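Breakdown of the fold
In case you want the letters, here they are:
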Amino acid sequence: MGVFFHSSDFLLPSSTSSPAGHPPSSTYALVLLNQRLPKFTPLLWKHAKLRLCADGGANRVFDELPLLFPHQDATDIRNSYKPDVIRGDMDSIRTEVLDFYAKQGTKIFDESEDQDTTDLHKCVAYILQSMPNQEESNLCILVAGALGGRFDHEMGNINVLCRFSSTRIILLSDDCLIHLLPRTHHHEIHVHSSVEGPHCGLIPIGMPSGRTTTTGLQWDLTDSEMKFGGLVSTSNIVKGEKVTVQSDSDLLWTISLKGNETKAF
Ligand SMILES: Nc1ncnc2c1ncn2[C@@H]1O[C@H](COP(=O)(O)OP(=O)(O)OP(=O)(O)O)[C@@H](O)[C@H]1O
Ligand SMILES: Cc1ncc(C[n+]2csc(CCO)c2C)c(N)n1
């Protein structure tokens, strides 16, 4: 069985060449959702080759990106952070925002006739159509603003991981990231302790997982069963730079992101 390598290189200030033993770096596409933008959005933007807003995500880019640069002129920031595509059912984007980006040359796709798939789903489908050689390019889709807020939206976003299980998709908030570990591969996760960890979790999705084995965690699993109503691995801790996971079923991997801890006094 092949090994998938995972590394949150996109959270590091500049893309460094991949260390020995790690895969070549990914080609990133960024999807911005209609949720408070993470503080590191400008970094993700810089790493991405293609930037899309899911419907009301365009309002967030328009309203919130300038706030991340308080000493710069808001219009200058809006002019330099122009999404390539806005796609969705267009019930949340404001008219002034749509007009602003349409004038800037952003491609707008109104998919209001489809009320069965989410705006994130529509954006991921667009990326896969427009980057057909994604396997060679090692495509990785970063989704900003995917967690926190409405629970139905969060579950819809997680369902997109399952619907596009052969595509690397990472859901992000200020506090954590989530991605799928498909059962078709063994997984080696490189942990950048300057930006992520130590809290992490491994969660079966859709069905119980019969056997999971890990290394590199404080509470490692050894051929363990996980299921809702039984054991799921939450509040686990990464011990070092490398975690390995093998399982007979798809799992969600989640790890905390640093820089947003609030201390209780
Ligand atoms: N509170 C949230 N938490 C997580 N993801 C969100 C949240 N709000 C929006 N999203 C994501 O952003 C996308 C675009 O949001 P938008 O508000 O435009 O969606 P929508 O289809 O109008 O939602 P709804 O009609 O259910 O309110 C959604 O498809 C979803 O993926
Ligand atoms: C069983 C079922 N539940 C909910 C919806 C509603 N829905 C799901 S995705 C979507 C688009 C949101 O932009 C909407 C309205 C549906 N169609 N079918």
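Residues numbered from 1 in each chain as written. Chains lettered and ligands numbered in written order. Predicted model: local features only at pLDDT ≥ 70, side-chain atom pairs only at ≥ 80, totals over all residues. Heavy atoms only, no water.

Observations concerning the UniProt feature "domain: Thiamin pyrophosphokinase thiamin-binding" (unreviewed entry) in the protein
- Mapped onto the present numbering, the UniProt feature "domain: Thiamin pyrophosphokinase thiamin-binding" (unreviewed entry) falls at residues 185-251.
- For residues 185-251, the helix share is 0%, the strand share is 54%, and the end-to-end C-alpha distance is 11 Å. (UniProt positions renumbered as here; feature names shortened; annotations may be inferred. Helix = DSSP H or I, 4+ residues; strand = E, 2+ residues; numbered from the N terminus.)

Details of the packing of helix H5 (residues 119-130) against helix H7 (residues 151-163)
- Between H5 and H7, whose axes approach to 9 Å, the crossing angle comes to 30 degrees. When the axis of H5 is compared with that of H7, the two are roughly parallel. In this structure, H5 meets H7 at a crossing whose hand is right-handed. Contacts from Leu120, His121 and Val124 of H5 reach H7 at Asn157, Val160 and Arg163.
- A per-class count over the contact of H5 with H7 returns three nonpolar, two polar and one charged. (Axes fitted to C-alpha atoms, helices over the stretch in contact; angles between N-to-C directions. Parallel < 35°, antiparallel > 145°, perpendicular 65-115°, else oblique. Left-handed = near helix turned anticlockwise from the far one by under 90°. Contact = heavy atoms within 4.5 Å. Nonpolar A, V, L, I, M, F, W, Y, C, P; charged D, E, K, R; others polar.)

Some remarks on the sheet that holds strand E10 (residues 196-204)
- Here we have ten strands laid out as an open sheet, ordered E5-E4-E3-E2-E6-E7-E8-E15-E10-E13, and mixed in their pairing. Each having just a single partner strand, strand E5 (107-110) and strand E13 (233-237) make up the two edges of the open sheet. Averaged over all pairs of adjacent strands, the angle between strand axes in this sheet comes to 20 degrees, irrespective of strand direction.
- The strands touched by helix H2 (residues 57-64) within the sheet are strand E2 (27-32), strand E3 (48-54) and strand E4 (85-88), with E3 carrying the most contacts at an inclination of about 110 degrees.
- Sheet strands touched by H5: E2, E3, E4, E5, strand E6 (139-144) and strand E7 (168-172). Its angle to E3, the strand with the most contacts, is close to 150 degrees. (Pairing = 2+ DSSP bridges.)

Here we look at the site of ligand 1
- The immediate surroundings of ligand 1 are formed by 19 residues, with Asn34, Asp91, Ser92, Gly148 and Asn157 found nearest.
- At 2.7 Å, a side-chain N or O of Asp91 approaches an oxygen atom of ligand 1.
- Between Arg150 and ligand 1, the recorded distance is 3.0 Å, taken from a backbone N or O atom to a nitrogen atom.
- Contact with the protein chains hides 82% of the accessible area of ligand 1, taken as 620 Å² for the molecule alone.
- Looking at the shell around ligand 1, the elements with two or more residues in it are H5 and H7.
- Tallied by class, residues from the shell around ligand 1 come to four nonpolar, ten polar and five charged. (Near = heavy atom within 4 Å. Polar contact = N/O pair within 3.5 Å; in protein donor to acceptor, adjacent residues only side chain to side chain. Areas by Shrake-Rupley, 256 points an atom, 1.4 Å probe, with all protein chains shown as cover.)

Re the site of ligand 2
- Close to ligand 2 lie Asp89, Gln115, Asp116, Thr117, Thr118 and Asp119, which account for all nearby residues.
- One of the backbone N or O atoms of Gln115 is found 2.7 Å from a nitrogen atom in ligand 2.
- About the coverage of ligand 2: the protein hides 41% of its 450 Å² of free accessible area.
- Taken together, the residues that form the shell around ligand 2 break down as no nonpolar, three polar and three charged.

Examining the nonpolar core
- Counting residues in hydrophobic clusters, the biggest one holds 46 residues, and the most contacted among them are Phe10, Leu44, Leu142, Leu172, Leu177, Leu202 and Trp253.
- Broken down by element, this core gets its largest block of residues, four residues, from strand E15 (residues 251-257).
- Both domains that furnish three or more residues to this core are identified here as domain 1 (25-174) and domain 2 (175-265).
- What Leu177 contacts, discounting residues up to four positions off in sequence, is Ser8, Phe10, Leu11, Ile170, Leu171, Leu172, Glu196, Trp253, Thr254, Ile255 and Leu257.
- Ranked by size, the runner-up nonpolar core spans 29 residues in total, among them Leu120, Val124, Ile127 and Phe164. (Core = buried A, V, L, I, M, F, W, Y, C linked by side-chain atoms within 4.5 Å. Buried < 20%, exposed > 50% of the residue type's maximum accessible area, 1.4 Å probe, protein only. Domains from an automatic or database assignment.)

Notes on the domain arrangement of the protein
- Looking at the assigned domains, one finds that the protein contains domain 1 (25-174) and domain 2 (175-265).
- Between the C-alpha centres of domain 1 and domain 2 the distance comes to 26 Å.
- Domain 1 puts 13 residues into the contact, and the matching count from domain 2 is eleven residues.
- Together domain 1 and domain 2 conceal approximately 1,000 Å² of surface at their shared face, both sides included; 66% is due to carbon and sulfur atoms.
- The interface formed by domain 1 and domain 2 includes three residue pairs in polar contact (both at pLDDT 80 or more).
- Listed by contribution, the elements that provide at least two residues to the side of domain 1 that touches domain 2 are H7 and E7.
- With four residues, E7 is the largest single contributor of residues to the side of domain 1 that touches domain 2.
- In terms of residue class, the side of domain 1 that touches domain 2 is built from nine nonpolar, two polar and two charged. (Buried area = accessible area lost by both parts, 1.4 Å probe.)

Points about the pattern of salt bridges
- The final tally for this structure, using the stated rule, is nine salt bridges.
- In this structure, the salt-bridge partner of Asp152 is Arg150, at a minimum N-O distance of 2.8 Å.
- Using a relative accessible area of 51% as the deciding quantity, one classes Arg150 as exposed.
- In this structure, Lys242 engages Glu188 in a salt bridge whose closest nitrogen and oxygen atoms are separated by 3.9 Å. Of the two residues, Lys242 is situated in strand E14 (residues 242-247) and Glu188 in strand E9 (residues 186-190); the sequence distance between them amounts to 54 residues.
- Judged by relative accessible area, Lys242 falls into the partly exposed class, the value being 45%.
- One salt-bridge network, in which partners are shared between bridges, spans Asp63, Arg94 and Glu96. (Salt bridge = Lys/Arg side-chain N within 4 Å of Asp/Glu carboxyl O.)

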